[in-house]
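Survey of secondary and tertiary structure
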Amino acid sequence: MVRGAAKAIAQERNAKKHSGKDKKSEIGAGAKALKVTCPMCKLQLINHHQLKDHYASKHPKETCPPAESFQ
Ligand SMILES: [Zn+2]
């Protein structure tokens, strides 16, 4: 019983190790994606394309800043 439990714990630890690794790579991939905050209303957008759409609908009189200004 004790042996079986120890094995289960070891497996759980291993799974955690692996999921942690996956999480790290996910964060790495997520960091690559451009995160954009609207300078006009501080709304957070996933990427510059969304910001363009946001500007077109919410701030049509303003010019959308270039993607380079958010890097
Ligand atoms: Zn805005």
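All residue numbers here refer to positions counted from 1 along the written sequence of the relevant chain. Reporting in this predicted model follows two pLDDT cut-offs: at least 70 for local features of residues, and 80 or more for side-chain atom pairs to be given and counted; totals over whole chains, interfaces and linings ignore these cut-offs and use all residues. To obtain the side-chain values, all non-hydrogen atoms of the structure were used and water was disregarded.

If you check an unreviewed UniProt entry, the protein appears there as Zinc finger protein 706 from Ostreococcus tauri.

**Comments concerning the coordination of the zinc ion**
Rules: Distances up to 2.8 Å from the metal define which N, O and S atoms are donors, and 3.2 Å serves for Na, K and Ca; water is absent from the atom set, so sites may look incomplete. Tetrahedral means four donors with every angle between 85 and 135 degrees, whereas square planar (four donors) and octahedral (six donors) require angles over 155 degrees between opposite donors and between 65 and 115 for all others; sites fitting neither are termed irregular. Strands here are runs of E lasting at least two residues and helices are runs of H or I lasting at least four, both read from the DSSP assignment and numbered beginning at the N terminus. Only protein chains enter the calculation, and the probe is 1.4 Å; a residue is then buried if its accessible area is under 20% of its type maximum, exposed if over 50%, and partly exposed in between.
Note on the zinc ion: its protein donors are Cys38 (SG), Cys41 (SG), His54 (NE2) and His59 (NE2). The metal-donor distances range over 2.0 to 2.3 Å. Each of the four donor atoms around the zinc ion contributes to a set of angles spanning 105 to 122°, which defines the coordination as tetrahedral. We note that the donor set of the zinc ion lies within a single chain, spaced as C-x2-C-x12-H-x4-H. Linking Cys38 in the loop between β1 (36-37) and β2 (44-45) with His54 in helix α2 (residues 48-58), this pair joins segments that are 16 residues apart in sequence. Residue Cys38 is classed as buried on the basis of its relative accessible area of 0%.

**What about the nonpolar core?**
Our working rule: Think of a nonpolar core as a cluster: buried Ala, Val, Leu, Ile, Met, Phe, Trp, Tyr and Cys residues, connected wherever their side-chain atoms sit within 4.5 Å. Whether two residues are in contact is decided by their heavy atoms, any of which lying within 4.5 Å being enough.
Core analysis: the largest hydrophobic core is formed by five residues, namely Val36, Cys38, Leu45, Leu51 and Tyr55. Other than its neighbours up to four places away in sequence, Cys38 contacts Leu43, Leu45, Leu51, His54, Tyr55 and His59.

**Some details on the confidence of the model for the protein**
As a reminder of what qualifies: A residue's pLDDT is the confidence the predictor assigns to it, expressed on a 0 to 100 scale.
Residues with a pLDDT of 70 or more make up 72% of the protein, whose mean pLDDT is 80. Put simply, helix α1 (residues 2-32) is where the protein has its lowest mean pLDDT, 65, and α2 is where it has its highest, 96.

**Thoughts on the side chain of His48**
Stated precisely, the cut-off is as follows: Here a polar contact is recorded for every N or O atom pair within 3.5 Å, except that within protein the pair must consist of a potential hydrogen donor and a potential acceptor, and residues adjacent in sequence are included only if both atoms are side-chain atoms.
Its location among the elements puts His48 in helix α2. In terms of polar contacts, His48 uses its side chain to reach the backbone amide nitrogen of Ala67, at 3.3 Å.

**Concerning the environment of Val36**
Along the chain, the position of Val36 falls in strand β1. For Val36, a relative accessible area of 1% corresponds to the buried category. Not counting chain neighbours up to four residues away, the residues in contact with Val36 comprise Leu43, Gln44, Leu45, Ile46, Asn47, His48, Leu51 and Phe70.

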